[in-house]
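Chain residues, written in single-letter form:
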Amino acid sequence: MYSEDSFFTLSVPGQFGLLLLSTIVAAITLYIAWRVTRGRHWTLRILAALILFFAFEWFSPQIYYTYYIFLLGVPWQSVIQTPPTPFDLGQLMTFTGTANMSQHSRGILGWALVITALMNTRPKQAGVETRS
């Protein structure tokens, strides 16, 4: 299914670096979702997760392009384009767009953000009080 994916054009260290970068970016994004959605009503948690997914989709291409600058020596430029549409996000989350690892991974991240938000029912903790 993914045999034609551009991931396989990279060297093994390049593939490892891309996987590492993707794992770190996804973990940070999920952590932000966890922090932002804590203690909110479920509708706000889902909305926050979708807004975070929107922001990830809009700005993450620059993170990956920066990796390619170091890996392949491509020229510096901004690759951030117009914001994704709800249709674009829907295609990612329903896995109906282009069948490649990048698209499918981003769709999985979208669902992981929603699941993280829905599971995050624990209320925010106030500052710890000390009695004297």
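Model, not experiment: these values are computed from the prediction. Numbers given to residues run from 1 along each chain, matching the order in which its sequence is written. In keeping with the model being predicted, local features are shown solely for residues with a pLDDT of at least 70 and side-chain atom pairs are shown and tallied solely at 80 or more, while totals for entire chains, interfaces and linings include all residues. With hydrogens and water stripped out, all remaining heavy atoms of the structure feed into the side-chain values.

Draft legend 1. Spatial organisation of the layout of surface pockets. Estimates place the volume of the largest pocket at around 780 Å³. Helix and strand labels come from DSSP, where a helix needs a run of H or I of at least four residues and a strand needs a run of E of at least two; each type is numbered from the N terminus. Counting only elements with at least two residues in the lining of the largest pocket, the list comes to α1 (12-37), α2 (42-72) and α4 (101-119). The nonpolar class holds Ala, Val, Leu, Ile, Met, Phe, Trp, Tyr, Cys and Pro. Asp, Glu, Lys and Arg form the charged class, and all remaining residues, Gly among them, are polar. Looking at side-chain class alone, the lining of the largest pocket contains 13 nonpolar, seven polar and three charged residues. Cavity means a closed set of points on a 1 Å grid over the protein atoms alone, one where a 1.4 Å probe fits but cannot get out, pocket means an open set with protein on both sides within 12 Å along at least 5 of 7 lines, and lining means a residue has an atom within 4 Å of a point. Grid points are joined across faces, edges and corners, and a volume is the space filled by probe spheres set on the points. Empty space within the second largest pocket amounts to approximately 300 Å³. In this structure, the second largest pocket is lined by 16 residues; those nearest its centre are E57, T82, P84, D88 and R106. Taken together, the residues of the lining of the second largest pocket sort by class into seven nonpolar, six polar and three charged.

Draft legend 2. Inspection of the side chain of Q62 at higher detail. Topologically, Q62 is positioned in helix α2. Any pair of N or O atoms that falls within 3.5 Å is considered a polar contact. Within protein, one atom must be able to donate a hydrogen and the other to accept it, and sequence-neighbouring residues count only if both atoms are side-chain atoms. Side-chain polar atoms of Q62 contact the backbone nitrogen of V79, separated by 2.8 Å. Apart from residues lying up to four places away in sequence, Q62 is in contact with W76, Q77, S78, V79 and I80. Contacts are assigned to residue pairs with any non-hydrogen atoms lying within 4.5 Å of each other.

Draft legend 3. Just the packing of α2 against α4, in detail. At their nearest, the axes of α2 and α4 sit 8 Å apart, and the two run at 155 degrees to each other. The orientation of α2 with respect to α4, classified from their angle, is roughly antiparallel. Our pair here, α2 against α4, has a crossing hand that is right-handed. Two secondary-structure elements touch here, α2 through R45, I46, A49, L50, L52, F53, F56 and E57 and α4 through R106, L109, G110, L113, V114, A117 and L118. Class assignment for the residues of the contact of α2 with α4 results in 11 nonpolar, one polar and three charged. Here, axes are lines fitted to C-alpha atoms. For helices the fit covers the stretch in contact, and angles between N-to-C directions go from 0 to 180 degrees. In these notes the angle categories are as follows: under 35 degrees is roughly parallel, over 145 is roughly antiparallel, 65 to 115 is roughly perpendicular, and the rest is oblique. Each helix crossing is assigned a hand: it is left-handed if the near helix lies turned anticlockwise from the far helix by less than a right angle, otherwise right-handed if that turn is clockwise.

Draft legend 4. Here's a closer look at the pattern of salt bridges. For this analysis, a salt bridge means a side-chain nitrogen from Lys or Arg found within 4 Å of a carboxyl oxygen belonging to Asp or Glu. Inspection of every chain in the model, using the stated rule, returns one salt bridge. Across the pair E57 and R106 runs a salt bridge whose closest N-O atoms are separated by 2.7 Å. Remark: R106 occurs in helix α4 and E57 occurs in helix α2; sequence separation between them is 49 residues. Burial classification: accessible surface area is computed with a 1.4 Å probe over protein chains only, and a residue below 20% of its type maximum counts as buried, one above 50% as exposed, and the rest as partly exposed. Residue class for R106 comes out partly exposed when judged on its relative accessible area of 22%.

Draft legend 5. Spatial organisation of the side chain of E57. The class for E57 is buried, based on a relative accessible area of 10%. Among the polar contacts listed, one links the side chain of E57 to the side chain of R106, at a separation of 2.7 Å. In contact with E57, not counting residues within four places along its chain, are P84, L89, L92 and R106.

Draft legend 6. Summary view of the packing of aromatic side chains. Side-chain rings of Phe, Tyr and Trp, where Trp is taken by its six-membered ring, are said to pair if the distance between their centres is within 6.5 Å; with planes under 30 degrees apart they count as stacked, over 60 as edge-to-face, and otherwise as tilted. The full count for this structure, using the stated rule, is four aromatic pairs. Taken together, a centroid distance of 5.7 Å and an interplanar angle of 55 degrees make the contact between F54 and W58 tilted. Placement of the pair is F54 and W58 together in helix α2, with a separation of four residues, close to one helical turn. Relative accessible area serves as the criterion here: at 26%, F54 is assigned to the partly exposed category.

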